[in-house]
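Structural features, examined
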Amino acid sequence: MPGESGTPFAPYQLHVQEAADFIAARLDAPPRLGLMTGTGLGAVTGGLMVATALPYSHIPHFPAATVQGHPGRLLYGTLAGTPTLALLGRFHLYEGYTPLAVAFPVRVLQTLGVDTLLLSNAAGGLNPSFRPGDLMLITDHINLTGENPLVGPNFDRWGLRFPDMSRVYDPVLAAAARKAAAAAGIPLTHGVYAGLKGPSLETPAEIRFLKTIGADAVGMSTIQETITAVHGGIRVLGVSTITNLNDPDHPAPATVEAIVAVAEKAAPHLGRIFAGIAAELSGA
Ligand code: HPA
């Protein structure tokens, strides 16, 4: 079968399995929910009752996290009663990781049986109605990274060669997020996320282009992980924290320090929404 064995892809499958086996041996119950936090958003996992913490560096074949605001740890515990694995820190194309390396943690979650993935990221706002600190439910995305984690042989056991992308972000999870946000009194807007490779930020002409093609926010993550999860049959929810505004008519420099500061302030709100979704999933 294509991609099953004897291809250059086989070592990757083996590495995913070895990482998953290492993690599974340290868990009390199979995880159902995966969380992945972005820049400055580690506190999103505040509601997790942590049973086990594993630095990425202890997990076989896990890439090392190098970015400011990304601690690089895997937490296992329960979130509103749901067995959960939280990935604090992700890998970015702009760090030089391949799409397969960026997708690696998602394949490990898939192998461990996770069926729902909640993603968060920091993003620049394009929609003029947005303000720094706003939380945006991602309703769809535009992949402008020039990369795709499914390029290469298809491993049929993981998913289909041509996965459908007509409903990437799960409407049931989105409804649960809206309900959780409303219950907690947290405003939650929504929009389309454009993913670029980075690491340079956008020029005013690029911002104008992104607005024209229908993007409400722009960032440098999430796309590879989401495509991988959809391929693997994992339901996805994504929320962007709008850390800065990109106005092509009034260009203003965005510093990583300011981006991290806004993200850190918004993280507890996002954590409450994620905990509310978990409660909904567990029927609590
Ligand atoms: N552009 C791209 N990525 C980002 C931004 C931005 O303005 N803010 C936070 N991540």
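For the structure, see preceding data.
These numbers come from a predicted model, not from an experiment. (Residues numbered from 1 in each chain as written. Predicted model: local features only at pLDDT ≥ 70, side-chain atom pairs only at ≥ 80, totals over all residues. Heavy atoms only, no water.)

What follows covers the pairing of strand β9 (residues 235-245). Where burial is concerned, most of β9 is hidden: 9 out of the 11 residues are buried. Pairing of strand β5 (residues 116-125) with β9 involves 10 bridges; the strand directions are parallel. Pairing of S120 across the sheet is with V239, part of β9. Bridging between strand β6 (residues 135-143) and β9 involves 3 bridges; their strand directions are antiparallel. Bridge pairing in β9 links M136 to S240. (Buried < 20%, exposed > 50% of the residue type's maximum accessible area, 1.4 Å probe, protein only. Helix = DSSP H or I, 4+ residues; strand = E, 2+ residues; numbered from the N terminus. Pairing = 2+ DSSP bridges.)

The next thing to look at is the layout of surface pockets. Counted as a void, the second largest pocket has a volume near 200 Å³. Surrounding the second largest pocket, 15 residues form its lining, E202, I207, N246, A252 and P253 being those nearest its centre. Breaking the lining of the second largest pocket down by element, the ones donating at least two residues are α4 (204-212) and β9. Here the residues of the lining of the second largest pocket sort into 9 nonpolar, 4 polar and 2 charged. (1 Å grid on protein atoms, 1.4 Å probe; cavity = no way out; pocket = protein on both sides within 12 Å on 5 of 7 lines; lining within 4 Å. Points joined across faces, edges and corners; volume = space filled by probe spheres on them. Nonpolar A, V, L, I, M, F, W, Y, C, P; charged D, E, K, R; others polar.)

With that out of the way, let us pick up the pairing of strand β1 (residues 33-37). Of all the 5 residues making up β1, 5 are buried; the element is thus mostly covered by neighbouring parts of the structure. Neither face of β1 is exposed, since L33, L35 and T37 on one face and G34 and M36 on the opposite face are all buried. Two strands pair when backbone bridges link them, and β1 and strand β4 (residues 82-88) are joined in this way by 5 bridges, in the parallel orientation. Each residue of the ladder has a partner; that of L33, found in β4, is T84.

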